[in-house]
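For reference, the chains in residue letters:
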Amino acid sequence: MLLQPYFTAFSKTFVIAVLALSTVHVSAQNKQNEKALEYIEKYKDLAIREQIRTGIPASIKLAQGIYETGAGTSELSQNANNHFGIKCHKDWTGKKTYHDDDEKGECFRVYDSPADSYRDHSIFLTKGQRYAFLFDLEITDYKAWARGLKQAGYATLPVYANILIKLIEEYNLSQYDQMVVKGKFEYKDESKKTKNKS
């Protein structure tokens, strides 16, 4: 009989601890979702413009950007404007930075702006022979694109395609692919803007 109050007190403490941990987890999840939504809002037009220009689905670009940058919070994205984890490779002549990735002290590309990173990611995929087959896929088939990127060796993480697919579905990123397909996005070529003469 004396054990019952002990177990009741223990049970209450246990329940309080579980609730506290759940609250911390939910809070962290909400913060992560908030960051991802901020990232999408900030870069969706850029991703859509790149889809129109190059045929790479905006959903894929945004999912990769969210994952590779931790929704814009990674050191590489903040200090080097590198949103896709693109390494230097032997043909890179631009600025460089070094970070640990698959190996210690790997060379990554540095960009002047996130827009430069988005454009270079497009060049990286469109000019790379190993990614050529992706452009035979339907632009709205984000699952095939995600699996194709993994198959072509874009990332070493075995579940990379699944992560991209989950992000696309969780944040409804395929809506941006559809906007282009249905002609519901007006493309303004930022590079051809002329200055007003006053």
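Refer to the structure above for everything that follows.
Attention in this report is confined to the structure presented alongside it. Since we're looking at a predicted model, the values are computed, not measured. (Residues numbered from 1 in each chain as written. Predicted model: local features only at pLDDT ≥ 70, side-chain atom pairs only at ≥ 80, totals over all residues. Heavy atoms only, no water.)

**Let's talk about the pairing of strand β1 (residues 96-99)**
- Pairing of β1 with strand β2 (residues 106-109), which is carried by four bridges, proceeds in the antiparallel orientation. The partner of T97 across the bridge, within β2, is F108. (Pairing = 2+ DSSP bridges. Helix = DSSP H or I, 4+ residues; strand = E, 2+ residues; numbered from the N terminus.)

**Describing helix α4 (residues 114-127)**
- Here α4 spans 20 Å end to end across 14 residues, near enough to the 20 Å set by a 1.5 Å rise per residue.
- If you check which residues of α4 are buried, you get P114, S117, Y118, D120, H121, S122, F124 and L125. (Expected span 1.5 Å × (residues − 1). Buried < 20%, exposed > 50% of the residue type's maximum accessible area, 1.4 Å probe, protein only.)

**A few points about the pattern of salt bridges**
- Tallied over the full model, the rule gives 13 salt bridges.
- Residue D100 is joined to K104 by a salt bridge in which the shortest nitrogen-to-oxygen separation is 3.5 Å. The pair formed by D100 and K104 is uniform in burial state, with each residue classed as exposed.
- The shortest N-O distance in the salt bridge between R119 and D116 comes to 2.6 Å. Taken as a pair, R119 and D116 lie in helix α4 at a separation of three residues, close to a single helical turn.
- Here the residues in one salt-bridge network are K87, D101, D102 and E106, joined through shared partners. (Salt bridge = Lys/Arg side-chain N within 4 Å of Asp/Glu carboxyl O.)

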